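Okay, here's what each chain looks like letter by letter:
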Amino acid sequence: MIRRAVLLLLASLLLCAGAGQAQAAGYRYWSFWERDAGHWVYATQGPSLARPSDGDVQGFRFAVSEDSSEAARPRGTADFGTVCAKTPAREGKKRVALVIDSGTKADAPQGETPPPARTACARVSPDATTAEALATVAKPLRYDTNALLCAIAGYPEKGCGEQVAGSHKPTEPAPAAQKDTSGDNGPSLGLPAGIAVVTALGAAAIWQVRRREQA
């Protein structure tokens, strides 16, 4: 009887752990990326602080994400030479290639449709930030009171980093040839680790029951 109670407790704990993972909340926002050696890397500074060099490629992706480790990357493989091919160099200026991916319908706020992804080459002063470069090619930009980038080229029309219950992976992934997984940190360890701990506790409890029965 005691053993059965322990097993029921173990099962309920596992179900609770799974439910908590399934209902994890994410946030709908524009993530900021840098292209490094042909791969997208999550930027360590915001666009208002980052100061790209001439020839850099930077990207923005609108999506629902739980955290930076699983945030959706900008799609496509455009490089600086492709994006800035028609923008000649000019003395006293730098060129920054920008990839702007408005994401999928699944990640769009209710009632809005994401515009097509596009690229642009910004030619700006040598000390310009990414935000300043973006403003030259993708107005209007919208920020909140905390300087969080809320909209690029007017998309989305409203909302800014709002929480979305039951976050999800994009349902319209990029073609396999364009998917960039080099920077993936792998799946979250939260649920596997929790299951391992619960399993260990359950096994210990069963061992104690058996010990008492044999005494």
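Above this text you will find the structure in question.
Attention in this report is confined to the structure presented alongside it.

Points about the nonpolar core
Of all hydrophobic cores here, the largest spans 19 residues; its most connected members are W30, F60, L98, I100, L134, L149 and I152. At the level of elements, β1 (26–36), β3 (57–65), β4 (94–101), β5 (118–124) and α3 (130–137) are the ones that each hand at least two residues to this core. Ranked by residue count, the leading element in this core is β4, at three residues. Once residues lying within four places of it in the same chain are set aside, the contact partners of W30 are F60, R61, F62, I100, D101, S102, L149, C150, A151, I152, Y155 and P156. Counting residues in hydrophobic clusters, the runner-up holds 11 residues, among them W33, V83, C84 and V99.

Topic: the state of the cysteines
Here the structure, examined in full by the defined rule, presents two disulfides. Here C84 is linked by a disulfide to C121, with a sulfur-sulfur distance of 2.0 Å. With the S-S dihedral at roughly 100 degrees, the linkage between C84 and C121 falls on the right-handed side. Of this pair, C84 sits in the loop between α2 (80–83) and β4 while C121 sits in strand β5, placing them 37 residues apart in sequence. On the accessibility criterion, C121 (16% relative accessible area) is buried. The disulfide that involves C150 links it to C160, with 1.9 Å between the sulfurs.

Procedures and definitions
Residues numbered from 1 in each chain as written. Predicted model: local features only at pLDDT ≥ 70, side-chain atom pairs only at ≥ 80, totals over all residues. Heavy atoms only, no water. Core = buried A, V, L, I, M, F, W, Y, C linked by side-chain atoms within 4.5 Å. Buried < 20%, exposed > 50% of the residue type's maximum accessible area, 1.4 Å probe, protein only. Helix = DSSP H or I, 4+ residues; strand = E, 2+ residues; numbered from the N terminus. Contact = heavy atoms within 4.5 Å. Disulfide = S-S within 2.5 Å.

Note that every value here comes from positions in space, so none of it alone points to a role or purpose.
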